[in-house]
Amino acid sequence: MTGLVAAPGSGSHPPHAAEVAPSGPHTAGRLPIDVPDLRLAGLAVATWLAALAALHLTAPRAALLAATAAGLAAGAAGHLLGRFGRPTGAVRRHGWIAVAVLLGVVCGASATAARLSVRDAAPLRALVDERVRVTAELVVRDDPRPIRGAPGRPPTLLVPAELVHLTGSEGQRVAAPVRVLLLATDPGWRGRLPGQRLTAEGRLTAPRGGDLSAAVLIVAGPPVPHGRPPWLQRAAGTLRAGLQRACAPLPDEQGGLLPGLVVGDTSALPAGVEEDFRATGMTHLNAVSGSNVAIVVGAVLLLARWARAGPRAGAVLCGLALVGFVVLVRPSPSVVRAATMGAIGLAALAAGRPRAALPALSAAVAVLVLLDPELAGDAGFALSVLATAGLLLIAPGWRDVLRRRGVPAGLAEALAVPAAAQLACGPVVAGISGTVSMVAVPANLLAVPAIAPATVLGVLAAAVSPCWPAAAEFVAWLASWPAWWLVTVARVGARMPAGTLPWPGGVAGALLLAALTVALLLATRRPVVRRLVAVCAVAAMLGALPVRILAGGWPPAGWVLVGCAVGQGDALVLPVAAGRAVVVDAGPEPAAVDGCLRRLGVREVPLLVVSHFHADHVGGVAGVLRGRKLGGLVTPALAEPAAGRDLVTAASAGAVAPQAASAGWSYRAGAVELTVLGPPYPMRGTRSDPNNNSLVLRATVGGVRVLLAGDAETEEQRAMLDRLPPGALRAEVLKVAHHGSAYQDPAFLDAVRPAVAVVPVGTGNDYGHPSPSILARLGRGGARVLRTDTDGDVAVVTGRHGLAVVVRGQQPGGR
C-alpha cells in the first residue's frame, strides 16, 4: 500500500489546531507527531468488541447488554447536556467520548442480538439437537475450501451456505435465512460458485458456536443445482480458471503461489511453501486483503498520474479497477471486506484529505460489523483493519523520521509500510500462533519489491487468459520470477535459527503484546527512552540469541523424547546426536511433522519407524524426508491397509528400501537403543488387525526407558503380557497406545507403571480420544499425563533431579 500512504495533515485543507505538534523546551528531541483524527475510533472499536462478546452470548443476554449500555449512554448524555449540573470543559470532552463508546456497544450488541435470535430459532434448533436427516435448499456463500486430510481418503470440503428452507425426515419444514456450514466429501461439490442455489441431503449437527452458523450439515452425496450462478460469479470463475491454466507450466512452488498472491487460491500451493510462509509471517500474502486491492489500485493510479489525470479522474479510474478486481477474486464477504479496506485510501485521495482516511476506516469497521456481526470474530478481518490502521497511524511518522535522517523517499516508505503493518498485526498473530516471529519484519521488507510486480502481472495474466491463453502463459512466466524471490525469502527465513520465540497464546497473549506495543510506541517518543530501549534490545539479542542458537530454547536441554503436535496422529522423536534423531511415525500430513522436526533442528533421520500403515501415522512421511537424509526405514510385517503401504513406498522411493521388522528386532544409534516387543506373533481376526499388529518398541535413551505402544489395542496388549517375561514392559515413559482410546488392557498399563504418559491426540477429534477413564487410571497410578491437543509439542527431559516435562504450548491447526 505504499502508493496510498500520505503524511497526515497534508492536502488542500488546513490542519485542525489539535493536529499541530507542540513545540518548545518541553518537547525538544521528541518525535514530531500529528494528532490523528480519532473521533469515530471509540465508536468503531466499541461496536466491534460488543459484537464479538455478543457472539458468545445468547440473544436475550446480548439484548440485555445493549439495553444496559443504552441506559448508561442516555444518563451520560443527559448529564453532558446540563440536565444534572454543568460539567467542566474537560469532563464534557471525555464524556462525549464515553457516550460514543456506549453507543458503539448498543449498536454492536443490538445488531448481533437480532441475528442470534434468528440463528437460535426454536424449530431449527430442535432439529439440530435431534441430529435429524434433512433435505435442504441452500445458496452457496463462498468458495468450497478443502481440509487437508489424510492421504488415501477424499478431502472434506467446507462449504459456507445460506439456508433457504429444509425438510426433515418426518416432513418437518423450516424456512429461515440462517447460515449453515456444509461438510461434504463428494467431488461434485468442487467448483461450486458463490450464489449457486442447490439442494443437498445430509444430517444436521450442532455448530461449534462463536459465530452465526445455525447448524452444520454433514453431506455424503452430490448437490443438485438449480439454475446457474450469478453472471459475476461465472465471470470470476472463468478468469480464475484461466489464471490456473496459465500457471500450470510453471514450477510447482511458483505456480502454486501465484494464484494465492492474486486471488487467494492456495489449492495448488505445496505444503512446504505454506509452512515457510507461516514461519516467516508472510501468510497474509496468500489471502486477498486490502494490500492486494491497494497494489492494483496503486498501479492504476500511477498510470493516471503519468497521463496527468486529476484527483477525481484518477479516483474514477481506480474505482473501476477496484470493481474489476473484486469481480476477478469473487465478491465473497472476505473480498468485500478487503475492498472496503483498500477503498479507504481511495476515498481520502478523492477528497484531497489523507487525514480523512482514519475516520473512514472507523466508519467502515462499524458499518461492516453492523452488517455482518460475524466479522467481529474473524481473524482475517482483524488483520485487515489493524494493517490498515498501522499504515495510517504509524507508517507516515516513521517514513518522515527516516527521510529527515537522509533516507531516500521511496526507500523510507518501503521500510516504514511493512514494518508498521507487521507491528500493528503482531498481537493478533501472536495470539493465534503462540509465537513471535523474529524474522517477520526483515522477511516482509525483503518481500516488498516482489509483491507488486507478481500481483500486477498475475492480474494481467488472468485478465487476458480468456481471449489470449498464450499471452497469459507468458505474463505468468514473467510473474514467476518475483514469485520465486518470495519463495526463496520464505524458505531462508524459515530456516533461520531463533526465527520464532514462544509467546503466550490466546486472548491473553494478544492483549499482553498489544499493551507492550502501545507502551513502547508512547515511551519511545522521548529520546532517553528510545536510547534505553535500543540498548536493552541490543543487549537482549547479544545475550539471548547466541544461547538460543547454541543451546536452543526448544527443545530443552536433556530431552529424551518429544511428542509432536501433529493433530490426530502420532509423531515421536528420539535424539541421537545434534541434528540427528530417530523418528517413530509421521502423523497425518507432511507440514506438521516437518515443522516439528525443524523446531527440533533435526537435519538427518538415521531411522524412521512406521508402527503401522494407518494414514494418521504415515500421511506425513514426505514431511520427514523434506530436506533431510534418511538412513533406514522399518515397517510392520502386516502391510495393511494397502493405501498406507503404497504411500510409504512412494515417499521413500529412491531413498531407502523399507524393512519389515518383527518381535526381537533391535537397533542402536548414539544414545538410542530400540527393541521390538510386539506383536509377539501375527494377530488376525481382531477388532482392528492393523492396530493390533502395530510395532511396539522399547526405547532406551540416555538410560531412560520409553515404551512406544503404537496403536496396539487390547488384543495385542494381552498377547504381550502373556508372551513377554515379567518386567519387560516396565518403562519410565509411556507413549499411550491409540491416542488414549478406551481399548486398553488395565493390566498392560499396570505392567508399564510410567512416571510420564504422552498422549498424541488431535483437538476436537470425532473419536472421543483420549478416554477419560484411561487418563484417570494413569493419573491414579502416579503418571504425569501430557496431551498434544492441549500442551502442543511435549518433551520429556532428564537431569540431576530425574525426569521432568516441558511443553511448548498449544499451536493452531490440526485435528
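Quick notes on the rules
The numbering scheme is per chain: residues are counted from 1 as the chain's sequence reads. Given that this is a predicted model, residues contribute local features only at a pLDDT of at least 70 and side-chain atom pairs are listed and counted only at 80 or more, while totals for whole chains, interfaces and linings are drawn from all residues. Derived side-chain values reflect all non-hydrogen atoms in the structure, with water molecules and hydrogen atoms excluded from consideration. Following DSSP output, two strands are said to pair if at least two bridges run between them. Here a strand is any run of E in DSSP of at least two residues, a helix any run of H or I of at least four, and the numbering for each starts at the N terminus. Where helices are involved, their axes are fitted lines through C-alpha atoms of the stretch in contact, as for all axes, and angles between N-to-C directions lie from 0 to 180°. Note on definitions: a residue-residue contact is assigned when non-hydrogen atoms from the two residues lie within 4.5 Å. Put simply, a patch holds well-exposed residues, over 30% relative accessible area, that have no salt bridge, with like charges counted together within 9 Å and Val, Leu, Ile, Met, Phe, Trp or Tyr side chains within 5 Å. For accessible areas, the Shrake-Rupley method is used with a probe of radius 1.4 Å. Any residue's cover is judged against the shown protein chains and nothing else. Every case where a carboxyl oxygen of Asp or Glu lies within 4 Å of a side-chain nitrogen of Lys or Arg is listed as a salt bridge. Throughout, exposure labels follow a simple rule: accessible area from a 1.4 Å probe, protein chains only, divided by the maximum for the residue type, with under 20% read as buried, over 50% as exposed, and the rest as partly exposed. Think of a 1 Å grid over just the protein atoms. A cavity is a set of points where a 1.4 Å probe fits yet cannot get out, a pocket is an open set with protein on both sides within 12 Å along at least five of seven lines, and lining residues have an atom within 4 Å of a point. Grid points are joined across faces, edges and corners, and a volume is the space filled by probe spheres set on the points. Side-chain classes are defined by residue name, with Ala, Val, Leu, Ile, Met, Phe, Trp, Tyr, Cys and Pro counting as nonpolar, Asp, Glu, Lys and Arg as charged, and the others, Gly among them, as polar. Every angle not falling under 35 degrees, over 145, or within 65 to 115 is termed oblique; those three ranges are roughly parallel, roughly antiparallel and roughly perpendicular.

**Q** I tried to follow the sheet that holds strand E25 (residues 784–787) on my own but got confused; where do I start?
**A** Remark on secondary structure: sheet strands pair via backbone hydrogen bonds, oriented parallel or antiparallel. Across the sheet, seven strands lie side by side as E19-E20-E21-E22-E23-E24-E25; this open sheet has mixed pairing. Only two strands of the sheet have a single neighbouring strand rather than two, namely strand E19 (666–669) and E25. Across the sheet, the mean angle separating the axes of adjacent strands is 20 degrees when strand polarity is ignored. Sitting on the sheet, helix H26 (residues 772–780) is in contact with strand E23 (733–735), strand E24 (756–759) and E25, with an inclination near 145 degrees to E25.

**Q** In this structure, what is going on with a nonpolar patch on the surface? I would like to understand it.
**A** Taken together, the side chains of Leu446, Phe474, Trp477, Leu478, Trp481, Trp484 and Trp485 define a hydrophobic patch exposed on the protein surface, amounting to about 750 Å² of accessible area. Relative to the elements of secondary structure, Trp485 occurs in helix H16 (residues 469–494).

**Q** Would you explain the pattern of salt bridges in this entry?
**A** A pair can form between side chains of opposite charge whenever their charged atoms are brought close. Going through the model one piece at a time under the given rule, you end up with 22 salt bridges. When the shortest N-O distance is used, the salt bridge between Arg491 and Glu253 registers 2.8 Å. In this pair, Arg491 is assigned in helix H16 and Glu253 in helix H6 (residues 252–263), connecting sequence segments 238 residues apart. Note that Glu732 is salt-bridged to Arg705, the shortest N-O span being 2.7 Å. Of the two residues, Glu732 is situated in the loop between helix H24 (714–723) and E23 and Arg705 in strand E22 (residues 704–708); the sequence distance between them amounts to 27 residues. Given a relative accessible area of 29%, Arg705 falls into the partly exposed group. One salt-bridge network, in which partners are shared between bridges, spans Asp594, Arg598, Arg626 and Arg628.

**Q** Whenever I open this one, the environment of Ala387 confuses me. Can you help?
**A** If you trace the backbone, Ala387 turns up in helix H12 (residues 379–393). Each C-alpha atom, one on Ala387 and one on Gly426, is 9.6 Å from the other, the two residues being 39 residues apart in sequence. Residue contacts for Ala387: discarding those within four places in its chain leaves Ala421 and Cys425.

**Q** Sorry, what's going on with empty space enclosed by the protein here?
**A** Where empty space is left can be seen by rolling a probe of water-molecule size over the atoms. In this structure the tally under the stated criterion is one cavity of 30 Å³ or more. Every residue lining the largest cavity is listed: Asp570, Leu572, Val584, Asp585, Ser611, Leu695, Leu708, Gly710 and Lys735. Counted by class, the lining of the largest cavity contains four nonpolar, two polar and three charged residues.

**Q** Would you explain the packing of helix H11 (residues 357–371) against H12 in this entry?
**A** Each pair of packed helices can be summarised by the angle the axes make with each other and by the distance between the axes. Two numbers describe how H11 lies on H12: the axes approach to 10 Å, and their chain directions differ by 170 degrees. On the basis of the axis angle, H11 is roughly antiparallel to H12. From H11, Ala357, Leu358, Leu361, Val365, Leu368 and Val369 reach across to H12, where they touch Phe381, Val385, Thr388, Ala389, Leu392 and Leu393. A class-by-class count of the residues in the contact of H11 with H12 yields eleven nonpolar, one polar and no charged.

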